[in-house]
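One letter stands for each residue in the lines below.
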Amino acid sequence: MNSGSTSLHGRTSFKKAAFERFSTVRRGLVNGLQLGKNSSYDFSKCQFDESYASLPGTFRGLQDVEEKKERNRQLMEGMLAPNPLSVPSIVSTVTTDSITNQGMNSFTPMPARIRSHSGGQGSSKKTLEGLEPIHPALPIVKTPSERLSRAGFVLRTILLMRSPQMIRDRKYHLRTYRRCLVGSEMVDWLIQQSPMTLVHSRQQAVGMWQALLEEGVITHVCREHPFKDKYLFYRFRDDDMGIGSQPGNAEKKEAEDEFQDTLVILAQIGPDAMMRMILRKPTPLRAWGYDRPPWLMELARRLQQADIYNRLNLSCRPMERSVDDLEIIYEELLHIKALAHLSTMVKRELASVLVFESHQKAGTVLFNQGDEGKSWYIILKGSVNVVIYGKGVVCTLHEGDDFGKLALVNDSPRAASIVLREDNCHLLRVDKDDFNRILRDVEANTVRLKEHGQDVLVLEKIPTNNGQRQDGAPIHYNYSVSTCTNPGEVCPYRRGYSVMAGSPEKMLEHILETRIDSKQDEADTFLEDFLLTHIVFMSSKLLCPALLTHYHADIVQATEQETIDYIVNNKRRVIRLVCQWSVIAGSAFQEDAIITSFVETLFSAICDDCRIYSSLQDELANLERVLHLVRRMEEEQAHTWQVQRQGLGEFHRSEDDTPRRRPIKATDENIFKVYCADHTYTTLRVPMSTAAGAIVRAVSEKMCLGEDLVLCEIKSTAERILFKENDICVTAALSLNGRIFVSPREHLDALTPIPEQEGLSESTASIFELMGSKEVAYQMTLYDWELFNCVHEFEFIYHTFGRQKFGHITANLDLFLRRFNEVQFWVVSELCLTNNVSKRVQLLRKFIKIAAYCKEYQNMNSFFAIVMGLSNIAVCRLTQTWEKLPSRFKKTYAEFEATMDPSRNHRVYRLSVSKMQPPMIPFMPLAIKDMTFTHEGNKTYFDGLVNFEKMHMIASTIRTIKYCRSEPFTADPPPPVKNISEIRNYVRNLRVIDNQRVLTQHSHKLEPRRT
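In short, a report on the structure.

Rules used in this analysis
Residues numbered from 1 in each chain as written. Predicted model: local features only at pLDDT ≥ 70, side-chain atom pairs only at ≥ 80, totals over all residues. Heavy atoms only, no water. Helix = DSSP H or I, 4+ residues; strand = E, 2+ residues; numbered from the N terminus. Buried < 20%, exposed > 50% of the residue type's maximum accessible area, 1.4 Å probe, protein only. Contact = heavy atoms within 4.5 Å. Axes fitted to C-alpha atoms, helices over the stretch in contact; angles between N-to-C directions. Parallel < 35°, antiparallel > 145°, perpendicular 65-115°, else oblique. Left-handed = near helix turned anticlockwise from the far one by under 90°. Pairing = 2+ DSSP bridges. Core = buried A, V, L, I, M, F, W, Y, C linked by side-chain atoms within 4.5 Å.

1. Focus: the overall build of the protein
Item 1. Assigned secondary structure in the protein consists of 38 helices and 26 strands.
Item 2. Looking at the 1011 residues of the protein, the share that counts as buried comes to 54%.
Item 3. Long-range pairs, those at least 24 residues apart, make up 70% of the contacts in the protein between residues at least 6 apart in sequence.

Here's what the structure looks like:
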């Protein structure tokens, strides 16, 4: 007994000592956070050592009991008298509004309680620079918007109607939570109730619920978590306030009618809500150190080093941005105008430090002129006025613009005041410490190679995922770092470095030395990006001689064996690069006369070298295959294209007698009409690459016209587009009903459209309605696929940078873009020329069904064209027609409009496409917009060096297009019909009205304006 008593007493003493030790640590942490930097609390009393790891499970039980007691005590204090001091980290800056907003939640323990600010200062002169981000679990507005309040009412009512068991009292850890739901069950329910075309994934459903949470329509029962797909409890606002009631019959009927529209609204705003939630999450050391006083930063480091932070398992552990979160932020940053010029590494760094701010009231002063610069801002939503003393408002900045950077770079006071111009402005903020750290990191990770005192290659070090930087900040992305010959020696000339800029010759040398012999990493796209974009900075006229120079390069002051090895390896690299070039460039490689001559020269050289170096036999065989492809392309005859109503048309028959379109080449002949002011015309037959100046001279000679002639396009709207002397392939770039005219410059005003430019005169609905919707969609997709496959990747670069600069045509791309407009105006023309309301409703249903089938075939180009046609002002104003459309089709169309939502750079569309597998036809105008955005937002050259970061972004868009058609189109055709040839001819020869004014007039005749 004595022994047992001693043992029991020993265990009791140990538990008591352990409990006291834990209480000391906990009090030190909590008191320090509450007292702030003015605290005189001695943190040396806290023992942060490894001995805590040896504490038994009984101690952890005591820890749980102590935590519950502490939380109950704080709960009671909060109920009796909400105290600003109970919210740590804002002792000196907390406002009455923020306390009121937090209400019962003020007791929730957190390491650095983040204040809730909404910009509700009105026109107050108090500035808001440097505010801490709103915690992701709290709403960003004081009161929900009317739209989302209604959405919450609809969802709650439908839940109580269809799944009333989901909203009930629940017990967890001996505590009862009234009228709550489980997060994972809410996601399941939303996916079950939503059509598959609207909610694609659980992540999307989470975003829809988060949209409600960030406006306070739903809330976590303890205000500790944003919406998560987990076993967490959430309540609707009415239930949380204790005013929830059972809906009546009238309310149930209203909710049923509005349910689908509510889902569409939430699907549209869900991605943005998810982005804001992620941006409101802190990174680990940001929560513990970067925006904290030095004593607290040191405390955080000691906690992390001793691993006590994790073992305490405190409920106040801050949420952190995960790797997936950072990737989502990074993808968002790619489309922000103010950041377009930054390198990939800098954007990834910014993803980990950006802070989200929301301000509710217009007139709020963000900072004043003369204030110390603390942050750099980017406008995510809304606008701000730039105000200078004595001058007033000097300019207005909008979404995508940035401000405040100059004061950080120069370490100078603010040069102007910033006043919010709109309500509910959303900003991204980079604080000064993070800004300066990123600048230091960029400089430290940049390697500049010089020749003759000039930079020739700028490399950026790619970090490995070793968990932390030297300053403790986390690294969230990972690339492999290769080494040099000596083990352990990191070589800046190997793949551990990314090329940021360089001279064309030095980048080519870098490729030959680092990218040819070594095993290719899928994440390393430098070689492919160089070959996809070299036409911008190193044309074949420069690249081919440079490759020949490298092929014949020799080495001095080396042994005989070293010399042989160097020469053979050098020649092998050049041949392999040429073979990869032929694969990546495809027909552009084979059609280039300079490249053809270069390949023949190189082939002769390697034939001679094989007699000396037998190890080059494999390279000889590979180059011979390339030469065979080049010569076969030379033997192909040119084709003739004629300008018709539907564009350039020419087909040849394959063995199975199926029409297949050939790509248009610069050497092909083009037949078209050129009109004069009196509508007389002449027909020309010239090569596709003929310049506008040559066309004018040919017409003048043929029609005996005078001098000072100009070539122009006259559209059906009578708009005139003048062609420059060096414009090429002008016929492919014509508008749908456009025609080419020639006239003396002083008589341009006399030019008018010819009668046939008016387009379609009566509806073809009588023919069209006999065609099956699925067959029409299938034939449209086949034709679009032919046009899409004819477009070479280089045409995107010619189109973006200007075809005149390269002297190459973009006829195939022009025709594909023209097809989009053709389908769009076809929809509008047919509806506006159908006089009978019932037939218009039938036609409307048919177009919605065709759009659905196009989406099923993954033809997003025609899908967007049809839906945009239906949303044209001449169609959407036909209220009598839309009112008679069945509700099922209205809901389908609403889902289509949600997919078309342009917010956040077409995020919904991009999310949908990311889940598709090739073959697919992308929304081509958006791809053009992406490339134009990249081109105009980034310089091509910096200090005489090629900006290869820009080339990476251009190549990324091109790779996406290549991926879309990386597989052949093999969709199952619909059941065969008798009129298949009629359907095929119809969809390939659409006639349209492309004059918006005429279409609107037809629309008003069908349904006059209501007075």
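2. Re the environment of I516
Item 1. Here I516 shows up in the loop between α16 (504-514) and α17 (526-537).
Item 2. For the pair I516 and Q580, spaced 64 residues apart in the sequence, the C-alpha separation amounts to 9.7 Å.
Item 3. Apart from residues no more than four positions distant in its own chain, I516 is found in contact with I511, L527, R573, R576, L577 and Q580.

3. Describing the packing of helix α25 (residues 773-790) against helix α28 (residues 811-832)
Item 1. Between α25 and α28, the shortest axis-to-axis distance is 8 Å and the interhelical angle comes to 155 degrees. Judged on the interaxial angle alone, α28 and α25 are roughly antiparallel. The hand of the α25/α28 crossing is left-handed. Here M780, Y783, D784, L787, F788 and C790 of α25 lie close against α28, whose contacting residues are N812, F816, R819, V823 and W826.

4. Re the sheet that holds strand β4 (residues 233-236)
Item 1. In space, the four strands of this open sheet follow the order β1-β2-β4-β3, with antiparallel pairing throughout. Looking along the sheet, the strands with just one partner apiece sit at the ends: β1 (168-172) and β3 (218-220). Recorded for the sheet is a direction-independent mean angle of 50 degrees between the axes of neighbouring strands.
Item 2. Across the sheet, helix α5 (residues 183-193) touches β1, β2 (175-182), β3 and β4, and the angle it forms with β2 is around 20 degrees.
Item 3. Contacts between helix α6 (residues 202-213) and the sheet are confined to β3 and β4, with β3 contributing the most and set at about 95 degrees to the helix.

5. Focus on the environment of F741
Item 1. Structurally, the position occupied by F741 is in strand β24 (residues 739-744).
Item 2. Judged by its relative accessible area of 0%, F741 is buried.
Item 3. Linking F741 and T752, residues 11 residues apart in sequence, is a C-alpha distance of 9.5 Å.
Item 4. Residues contacting F741, with those up to four places away along its chain left out, are V674, Y675, C676, H679, V710, L711, C712, I714, L751, T752, I754 and Q757.

6. Concerning the nonpolar core
Item 1. Ranked by internal contacts, the top residues of the largest apolar core, which has 135 residues, are F530, W581, W826, I866 and L870.
Item 2. For I866, the contacting residues outside a window of four places in its chain are M780, V823, V827, F847, I850, A851 and C854.
Item 3. Listed in part, the 41 residues of the second largest apolar core include W209, L212, V264 and M277.

7. A few points about the environment of L232
Item 1. Tracing the backbone shows L232 in the loop between β3 and β4.
Item 2. A C-alpha to C-alpha distance of 9.5 Å links L232 and C180, two positions 52 residues apart in sequence.
Item 3. Filtering out sequence-adjacent residues up to four positions away, L232 remains in contact with L181, V182, G183, H220 and H225.

8. Quick notes on the side chain of T899
Item 1. Residue placement: T899 occurs in helix α33 (residues 887-900).
Item 2. Apart from the residues lying within four places of it in its own chain, the contact partners of T899 are K855, F863, F864, V908, Y909 and S912.

9. Quick look at unusual backbone geometry
Item 1. The step from P918 to P919 runs through a cis peptide bond, and the omega angle for that step is 5 degrees.
Item 2. Along the chain, the position of P919 falls in the loop between α34 (903-914) and α35 (924-937).
Item 3. The backbone of D943 shows a phi angle near 50 degrees, a positive value even though the residue is not glycine.
Item 4. Tracing the backbone through its elements, the reader meets D943 in the loop between β25 (941-942) and β26 (945-947).

10. Some remarks on the sheet that holds strand β13 (residues 446-451)
Item 1. Read from one edge to the other, the open sheet built from five strands follows the order β13-β14-β15-β26-β25, with strand pairing classed as antiparallel. Every interior strand has two partners, whereas the edge strands, β13 and β25, have only one.
Item 2. Of the pairings in the sheet, the one linking strand β14 (residues 454-461) to strand β15 (residues 497-502) comprises five bridges and is antiparallel in character. Paired with E460 across the strands is S498, a residue of β15.
Item 3. The strands touched by α16 are β13, β14, β15 and β26; relative to β14, the strand with the most contacts, the crossing angle is about 45 degrees.

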